[in-house]
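In case you want the letters, here they are:
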Amino acid sequence: MTEQLYIPIESFESTGLVKAGISQRIGGVSPPPYESLNLATHVSDRRENVTSNQQKLSEQIGIKTLKYCRQIHSDKVIDADQITHSFWNGIGSEDSSPTGDALISKIHNTTLGVFTADCVPISILDVNTPSIGIVHAGWRGTFSQIVIKTLDKMKDDYGTNPVNCLINFGPSIQKCCYEVGSDLLTQFSNKFGDSVVNGNHLCLQTANVNQLIDYSVPDTSISISPVCTACNLNRFYSYRVEGEKTGRMLSYIQLI
C-alpha cells in the first residue's frame with residue numbers, strides 16, 4: 001500500500017473547486033537532518049533529493065507545476081498570475097522567484113504553495129469568484145496582518161467578499177510550544193487582545209483568527225488544525241525544535 005505523503009484539506013476539496021493540502025515529512029529520500037520528504041531547495045539539502053521528493057508528491061496529488069515565492073517573513077502579497085514560470089520537479093531556479101509571503105490567483109489549474117516548518121500556512125478559498133490565496137504567517141507576518149492584506153488584494157483584484165471565503169490553518173507550532181519574550185507578548189496582546197497570550201506562550205492561530213473575524217470572515221468558515229509541528233516530529237518539520245538544519249513541508253492549493 002502506498003504511503004500517503006500529504007493531508008488534504010477536506011473542507012476545501014469537498015467544494016469541488018480546489019485541490020488543497022499539506023505534505024508530511026514521511027516517504028521521501030532525504031537523509032538526516034532533512035529526513036525525509038523535504039520539499040524546499042533553500043535548506044542545504046541536496047538538489048537531487050528535493051527533486052525526487054517533489055516528484056513523489058506530484059505523482060500522488062497531481063501537481064505538475066507550482067508557483068511560490070522566496071519567503072522573507074514580510075507582508076508582501078504576490079499576484080501569482082503575473083508569474084510566467086514555475087519552479088518544481090527540478091525545473092527553474094528558485095533564486096529567480098519573487099520575494100514575498102503570500103500568493104493569490106484566479107487562473108484554473110494554477111497551484112500555489114508556501115513552505116513551512118512551524119509557521120502557520122493559511123489557505124484561502126473564495127467560493128464565489130472563485131479565487132484562491134495562500135499565506136506564510138510566522139510571528140512577523142501575523143503581526144503585520146499579512147492574511148488581511150492577502151484578502152484585501154483578493155478584494156481589489158477579484159472582488160472577493162470575506163463572507164464568501166473558507167479559511168484553513170494547517171499544522172503549525174501551537175501555543176503549547178511557542179514560548180516567546182515578554183516584549184513580543186505585550187505587542188501582540190496590545191494589538192490582537194489578551195486571548196493570544198497564554199502565560200509566556202504566544203498563539204499565532206488565535207492572533208490570525210481575531211484578525212479574520214474583525215474583517216468579517218464568519219468564524220464558522222475558519223478551520224484550524226490542532227496539530228503542533230513541534231510536538232510531532234515524526235510527521236512534521238519544526239524549526240523551533242530542530243534548528244536551522246531541518247526540512248520544509250509544502251502547503252498547496254490549486255483552483256481546478
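Our subject is the structure listed above.
This is a predicted model, so every value here is computed, not measured.

Here we come to the side chain of Thr110. Among the secondary structure elements, Thr110 is positioned in the loop between strand S4 (102–105) and strand S5 (111–116). For Thr110, a relative accessible area of 9% puts it in the buried group. From its side chain, Thr110 meets the backbone oxygen of Ile107 in a polar contact 3.3 Å long. Once you skip the residues sitting within four places of it in the chain, Thr110 turns out to touch Lys67, Asp81, Ser105, Ile132, Ile253, Gln254 and Leu255.

For the bond running from Pro32 to Pro33, omega is 10°, close enough to zero to count as cis. By the element assignment, Pro33 lies in the loop between strand S2 (18–23) and helix H2 (47–61). Residues Thr129 and Pro130 are joined by a peptide bond in cis, for which omega reads -25°. Note that Pro130 resides in the loop between strand S6 (120–126) and strand S7 (131–137). At Ser44, a residue that is not glycine, the phi angle is positive and equals roughly 75°. Examined against the element boundaries, Ser44 turns out to sit in the loop between S2 and H2. On the accessibility criterion, Ser44 (60% relative accessible area) is exposed. The backbone phi angle of His73 is positive, close to 60°, even though this residue is not glycine. Tracing the chain through its elements places His73 in the loop between H2 and strand S3 (77–79).

Now for the sheet that holds strand S8 (residues 165–169). Overall, mixed pairing links the 6 strands, which are arranged S3-S4-S7-S6-S8-S11 in an open sheet. A strand with exactly one partner marks an edge of an open sheet, and here the two such strands are S3 and strand S11 (222–224). Here the strands of the sheet are splayed against their neighbours by 15° on average, with no regard to which way each runs. Strand direction decides the pairing type here: S6 and S7, joined by 7 bridges, are antiparallel. Opposite Asp126, over in S7, you have Ser131 as the bridge partner.

In this section: the pairing of strand S12 (residues 249–255). Where burial is concerned, most of S12 is hidden: 7 out of the 7 residues are buried. By the alternation rule, side chains of S12 split into Met249, Ser251, Ile253 and Leu255 and Leu250, Tyr252 and Gln254, which are all buried. One ladder, built from 6 bridges, connects S5 with S12; its direction is antiparallel. For Leu112, the partnering residue across the bridge sits in S12 and is Ile253.

Conventions we followed
Just so you know, the residues in each chain are numbered from 1, in the order the chain's sequence is written. The predicted nature of this model means local features are confined to residues of pLDDT at least 70 and side-chain atom pairs, given and counted, to a pLDDT of 80 or more, with totals for whole chains, interfaces and linings taken over all residues. Side-chain measures were taken over the full set of non-hydrogen atoms in the model, leaving aside hydrogen atoms and water. Numbered from the N terminus, helices here are DSSP runs of H or I no shorter than four residues, and strands are runs of E no shorter than two. The buried label applies to any residue whose accessible area, calculated with a 1.4 Å probe on protein chains only, is under 20% of its type's maximum; exposed applies above 50%, and partly exposed to all values in between. Polar contact is defined as a pair of N or O atoms within 3.5 Å, subject to the rule that within protein one atom must be able to donate a hydrogen and the other to accept it, and that residues adjacent in sequence are counted only when both atoms are side-chain atoms. Any pair of residues with heavy atoms lying within 4.5 Å of one another is described as a contacting pair. Two strands pair if DSSP finds at least two bridges between them. Orientation is described by lines fitted to C-alpha atoms, with helices fitted over the stretch in contact, and by angles between N-to-C directions that extend from 0 to 180 degrees.

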